[in-house]
Amino acid sequence: MLNHITIMGRLTRDPELRRTGSGTAVASFTLAVDRDYAPKDGGQRETDFIDCVAWRQTGEFVSKYFAKGRMAVVSGRLQIRSWNDKDGNKRRTAEVVADSVYFGDSKKDATNDKDYGRDYSAGGAADDYAMLEDDDAQLPF
């Protein structure tokens, strides 16, 4: 049996990172995914809003580097969950459980990214890297 799905769309809101009782990270987010076809009457394409969940390191990665409006490619499996609501009605929902999440746009295209415009020279994450001069002769390849 095969249950694999890959979708690409924009985040409709910032990811929500939570932790289970044992401390396992889980991030929830929703992707707006345009359908591949436009209606025959010339109208606009329809958009599906697909709930996604990412666990552990993948969830932490999504929470840290993705924000509302950012394009993401999610690969994982489709999961259907059932529960009873407070009125006793049986409810179902479908969500993608992400195995991996990739950037679907470039950093410069991400106008809403959390780290967009961050100055890495002032104590940021890139402090471990040395700046190269304009002389390509220093490159090892």
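Before going into details, it helps to say that this report is about the structure given with it.

As for the packing of aromatic side chains
Going through the model one piece at a time under the given rule, you end up with four aromatic pairs. Measuring from centroid to centroid gives 5.4 Å for Phe-61 and Tyr-65, while their planes differ by 50°, and the two rings are tilted. Here Phe-61 pairs with Tyr-65, and both are found in helix α1 (residues 56–65), just four residues apart, close to one helical turn. With a centroid separation of 5.8 Å and 75° between ring planes, the pair formed by Phe-61 and Phe-66 is classed as edge-to-face. Judged by its relative accessible area of 0%, Phe-66 falls in the buried class. The structure contains a cluster of three or more aromatic residues connected by ring pairs, namely Phe-61, Tyr-65, Phe-66 and Phe-103.

A word on the environment of Ala-27
Looking at the element boundaries, Ala-27 is found in strand β3 (residues 25–34). Of the residues examined, Ala-27 reaches a relative accessible area of 0% and is grouped as buried. For Ala-27 and Ala-98, which are 71 residues apart along the polypeptide, the C-alpha to C-alpha distance reads 9.9 Å. When residues no more than four places from it in sequence are discounted, the contact partners of Ala-27 are Glu-16, Leu-17, Cys-52, Val-53, Ala-54 and Gly-59.

Regarding the pairing of β3
Taken across its ten residues, β3 has eight buried, putting it largely inside the fold. Here strand β1 (residues 5–11) pairs with β3 via two bridges, running antiparallel. Opposite Arg-10, over in β3, you have Ala-32 as the bridge partner. Relative to β3, strand β2 (residues 16–19) runs antiparallel, the two sharing four bridges. Looking at β3, one finds that Glu-16 is bridged to Ser-28.

Thresholds applied
Once a new chain begins, its residue numbering starts again from 1 and follows that chain's sequence as written. Per-residue local features of the predicted model are confined to residues with pLDDT of at least 70, and side-chain atom pairs are confined, for both listing and counting, to 80 or more; whole-chain, interface and lining totals are unaffected and use all residues. To obtain the side-chain values, all non-hydrogen atoms of the structure were included, while hydrogens and water were left out. Any two of the Phe, Tyr and Trp rings considered here, Trp counted by its six-membered ring, make a pair once their centres fall within 6.5 Å; the pair's planes then place it as stacked at under 30 degrees, edge-to-face at over 60, or tilted in between. For helices the rule is a DSSP run of H or I covering at least 4 residues; for strands it is a run of E covering at least 2, with both sets numbered from the N terminus onward. Buried means the residue's accessible area, taken with a 1.4 Å probe over protein chains only, is under 20% of the maximum for its type, while exposed means over 50%, and partly exposed covers the values in between. In this analysis, two residues are considered to be in contact whenever any of their non-hydrogen atoms come within 4.5 Å of each other. Pairing between two strands is assigned when DSSP locates at least 2 bridges connecting them.

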